Amino acid sequence: MKKIEENMLKKDTSSKILAWYAASKEWISTIEFYLDSFFTMKNIIDRYLDKILKNENLDEIRECVMRLQDIRYSCSEALEKVKLHKGVLVEFQDKKLQPIASLEKEHLRLKKIMGTCHKNFKEIKNEVFSITEHTLQISKEENLAIELEKIKVARNN
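Residues numbered from 1 in each chain as written. Predicted model: local features only at pLDDT ≥ 70, side-chain atom pairs only at ≥ 80, totals over all residues. Heavy atoms only, no water.

(A) Seen up close, helix α3 (residues 58–95). With 38 residues, α3 should cover 56 Å at 1.5 Å per step; its first-to-last C-alpha distance of 55 Å lies within 8% of that length. Those residues of α3 not exposed but buried are I61, C64, V65, L68, I71, C75, A78, L79, V82, H85, L89 and F92. (Helix = DSSP H or I, 4+ residues; strand = E, 2+ residues; numbered from the N terminus. Expected span 1.5 Å × (residues − 1). Buried < 20%, exposed > 50% of the residue type's maximum accessible area, 1.4 Å probe, protein only.)

If you want it as structure tokens, here you go:
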């Protein structure tokens, strides 16, 4: 009877480790996507910086860029921690090195960090796109006004 209980416990532990491993792989992929996206957002700001500065407050843009850099740094740190956790999970599965309680605690801590990364990603993405969308809309309206003025001048000539 004791042997059966030990086997059940091993299977339960093994399935937890596999689930945490799968979650860790997904988190790594998500953070790498966020990091690529942060690079793209920074390029968008850089590309439209002259137009943005015409229509937006310089301090607001500076704060946005600084937040973007801070969030990118936090996500990079999280990526390293998740990669390390994933490696520990592999070692545990292979060699049974750590007690399960400490692994579970670390996994839950990383899950919270991932929640923060996700929240920050959504906020900064919305902020960057809001700023650039507003700027491009104003630019579009200015270009339309210029074109309409050209049409009026052409009709009067």
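(B) Spatial organisation of the environment of S37. Mapped onto the fold, S37 is located in helix α1 (residues 2–47). Overall, the relative accessible area of 13% leaves S37 in the buried class. Taking the C-alpha atoms as reference points, S37 and K125, 88 residues apart in sequence, are found 8.5 Å from one another.

(C) Representation of the confidence of the model for the protein chain within the structure. Residues of the protein chain with pLDDT of at least 70 account for 75%, and the chain-wide mean is 82. No element of the protein chain has a lower mean pLDDT than helix α2 (residues 49–55), at 68, and none a higher one than α3, at 90. Note on residues 1–9: pLDDT under 50 across the span, and zero contacts to partners over four residues away in sequence or across chains. (pLDDT = per-residue confidence, 0-100. Contact = heavy atoms within 4.5 Å.)

(D) Representation of the pattern of salt bridges. Tallying each qualifying case throughout the model produces four salt bridges. Across the pair R109 and E106 runs a salt bridge, and its minimum N-O distance is 3.0 Å. Taken together, the residues R109 and E106, both in helix α4 (residues 100–156) and three residues apart, mark about one turn of the helix. Judged by its relative accessible area of 37%, R109 falls in the partly exposed class. On the basis of relative accessibility, which here comes to 25%, the residue E106 falls in the partly exposed class. Among the ionic pairs, E123 bridges to K119, the shortest N-O distance being 3.6 Å. Note that E123 and K119 are positioned in helix α4 at a spacing of four residues, about one turn of the helix. (Salt bridge = Lys/Arg side-chain N within 4 Å of Asp/Glu carboxyl O.)

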